[in-house]
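Each chain, letter by letter, is given below.
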Amino acid sequence: MKILGRTFTRLEIVIHLGAWIPLLLIVFNFFSGSLTVNPIQDIEQRTGRLAILWLVLSLACTPLASIFGWKELIKRRRTIGLYAFMMAFLHVSMFVFLDFGFNWTLIIQEVIEKNFILFGAISFFGLTLLAATSFKYWQKTLKKNWKRLHRIVYVIAPLVVIHYALAKKGNLLTLQGDILRPLIYAVVVTFLLLMRVKPVKLWLKSIWDRLTSGVTSLAARLRPGEETTG
Ligand code: HEM
């Protein structure tokens, strides 16, 4: 589809709409006074949930592309990752500007005192590094080290899950507290990381290939009159 002289694929449109609609909804809820009784907390939590969602989506691109052959995901991985950073930036901005009025002494104290904030801060630092070096210039300059650097996402994602679980006052190890959603993310992140391990990747790919060839041969059998050429 052509928009303002640029052609967008269907996936690109879904990605951009998927990122902007929830944010516009927050702005709409803000101006229509339909946020919760604690609007700052509401926005902070919603942007936090959007950030983890986009982070997980960016983590899913490579395994889904290599196992299911959906190659376009590789091209869109950077955009999805940058949206994850944008959501995290908004989330952290809420904390820094609205929660703590830019008071760095109090902010640093909070980061040191509360474990869950510390996990969030480390993850945000990592995401900032990834976003800043996501440009072609850095890819060319850092060469092999660029790939190595971008592997820190495998550490960032679990740290964000821990941040989420602790923010909900839950414990992922003892399965206590409000941890259903953090637990779902923990399972998904673990699965996405496992999908990158070669034997697991090959096993899943072989299942997928068998499944698709089974469907193709079944479809061919259901069309008995069709002539084969060549
Ligand atoms: C300096 C970095 C960060 C700070 C200071 C921070 C701060 C906070 C705070 C204060 C809360 C609790 C909000 C509340 O319930 O009152 C929270 C929750 C949360 N944060 Fe962060 N955060 C940081 C980084 C991140 C990052 C990088 C992500 C994701 C990529 C993230 C995702 C979340 C999520 C999912 C929640 C739970 C939202 C909910 O309660 O539903 N945070 N964060």
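The present account deals with the structure reproduced in this document. Numbers given to residues run from 1 along each chain, matching the order in which its sequence is written. Selection of residues for local features in this predicted model requires a pLDDT of at least 70, selection of side-chain atom pairs for listing and counting requires 80 or more, and totals for whole chains, interfaces and linings are taken over all residues.

**Comments concerning the overall build of the protein chain**
Our working rule: Only DSSP runs of H or I covering at least 4 residues are called helices, and only runs of E covering at least 2 are called strands; the numbering of each starts at the N terminus. Exposure classification rests on a simple neighbour count of other C-beta atoms within 10 Å of a residue's own: a residue reaching 20 or more is buried, one at 12 or fewer is exposed, and one in between is partly exposed. C-beta atoms are placed from the backbone. Contact between two residues is assigned whenever their backbone-derived C-beta positions fall within 7 Å.
Counting its secondary structure elements, the protein chain contains 10 helices and 2 strands. Across its three principal directions, the C-alpha atoms of the protein chain cover 75 × 45 × 40 Å. Looking at the protein chain residue by residue over its 230 residues, the buried ones come to 20%. Long-range contacts, defined here as pairs at least 24 residues apart, represent 57% of the contacts in the protein chain between residues at least 6 apart.

**Quick notes on the site of the ligand**
What counts here: Nearness here is judged by the C-beta atom: place it from the backbone, and if it falls within 6 Å of a molecule or strand, the residue counts as near that partner. The nonpolar class holds Ala, Val, Leu, Ile, Met, Phe, Trp, Tyr, Cys and Pro. Asp, Glu, Lys and Arg form the charged class, and all remaining residues, Gly among them, are polar.
Around the ligand sit 23 residues, and of these Q45, G48, A51, G120 and A167 come closest. When residues of the shell around the ligand are traced back to their parent elements, those giving at least two are α2 (39-68), α3 (72-99), α5 (115-132) and α8 (153-167). A total of 8 residues in the shell around the ligand trace back to one element, the largest contributor, which is α2. Counted by class, the shell around the ligand contains 13 nonpolar, 7 polar and 3 charged residues.

**A closer look at the packing of α8 against helix α9 (residues 180-194)**
To keep it simple, the criterion reads: Note on definitions: angles span 0 to 180 degrees between N-to-C directions of axes, and those axes are lines fitted to C-alpha atoms, for helices only across the stretch in contact. When an angle is under 35 degrees it counts as roughly parallel; over 145 it counts as roughly antiparallel; between 65 and 115 it counts as roughly perpendicular; any other value is oblique.
Where α8 contacts α9, the axes come no closer than 9 Å and their chain directions differ by 170°. Here α8 is positioned roughly antiparallel relative to α9, judged by the angle of their axes. Residue-level inspection shows Y154, A157, P158, V161, Y164 and A165 of α8 in contact with α9, the latter providing P182, Y185, A186, V189 and L193. In the contact of α8 with α9, the residues fall into 11 nonpolar, no polar and no charged.

**Remarks on unusual backbone geometry**
Phi is positive for L4, which is not a glycine, with a value near 50°. Its place among the elements puts L4 in the loop between β1 (2-3) and β2 (6-7). A positive phi angle, near 65°, is found at F102, a position not held by glycine. When you line up the elements, F102 lands in the loop between α3 and α4 (104-113).

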